[in-house]
Amino acid sequence: MCLTFKFPLERARAAHKWWWWYNDDDNDGYSDEVELQIGTDPWDRYSTPPDLDKDYIPDAIDDDIDGDGIPNDEDDFPYDSAKWKAEGRKIPAEAYVTI
């Protein structure tokens with residue numbers, strides 16, 4: 001079995017509970033390591049980091065905050081999953097995918 005990740009190891013730790021090194025003392029879905037990094041309490045399940053798209057990757061370290069598949073640095077509306085480009089902005093040719 002081969003596993004491939006499209007994001008850094010830190011994000012994999014936050015997103016996938018089944019890793020053996022994953023530690024979540026309060027069982028809120030966020031690893032203790034990530035909660036300490038973000039500044040929330042890893043022993044209080046009601047203390048969770050902001051996570052707009054509920055993917056268990058806190059907004060502070062999420063490359064796609066709204067979960068629309070467009071990276072924040074290319075998204076004109078990083079907090080709105082229904083929109084990603086401003087009116088009048090041209091879509092680059094490389095953004096189109098041929099199937």
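Predicted model, so just to flag it, every value in this text is computed and none were measured. (Residues numbered from 1 in each chain as written. Predicted model: local features only at pLDDT ≥ 70, side-chain atom pairs only at ≥ 80, totals over all residues. Heavy atoms only, no water.)

Draft legend 1. How the structure looks around the overall build of the protein. Assigned secondary structure in the protein consists of 2 helices and 0 strands. A buried classification covers 29% of the 99 residues belonging to the protein. Within the protein, contacts between residues separated by at least 24 positions form 13% of all contacts whose residues are at least 6 apart in sequence. Accessible surface, the protein as shown: approximately 7200 Å² in total, 55% of it carbon and sulfur. (Helix = DSSP H or I, 4+ residues; strand = E, 2+ residues; numbered from the N terminus. Buried < 20%, exposed > 50% of the residue type's maximum accessible area, 1.4 Å probe, protein only. Contact = heavy atoms within 4.5 Å. Areas by Shrake-Rupley, 256 points an atom, 1.4 Å probe, with all protein chains shown as cover.)

Draft legend 2. Representation of the environment of alanine 60. Topologically, alanine 60 is positioned in the segment after α2 (32–38). Separated by 23 residues in sequence, alanine 60 and glutamine 37 place their C-alpha atoms 9.8 Å apart.

Draft legend 3. Quick look at the pattern of salt bridges. Taken as a whole and judged by the stated rule, the model has 1 salt bridge. For aspartate 80, the salt bridge is made with lysine 83, and the minimal N-O distance between the two is 4.0 Å. For aspartate 80, a relative accessible area of 28% gives the class partly exposed. (Salt bridge = Lys/Arg side-chain N within 4 Å of Asp/Glu carboxyl O.)

Draft legend 4. Summary view of the confidence of the model for the protein. The predicted model of the protein has a mean per-residue pLDDT of 78, with 66% of residues at 70 or higher. In the predicted structure, residues 1–7 sits below a pLDDT of 50 and forms 8 contacts with residues beyond four places in sequence or in another chain. (pLDDT = per-residue confidence, 0-100.)

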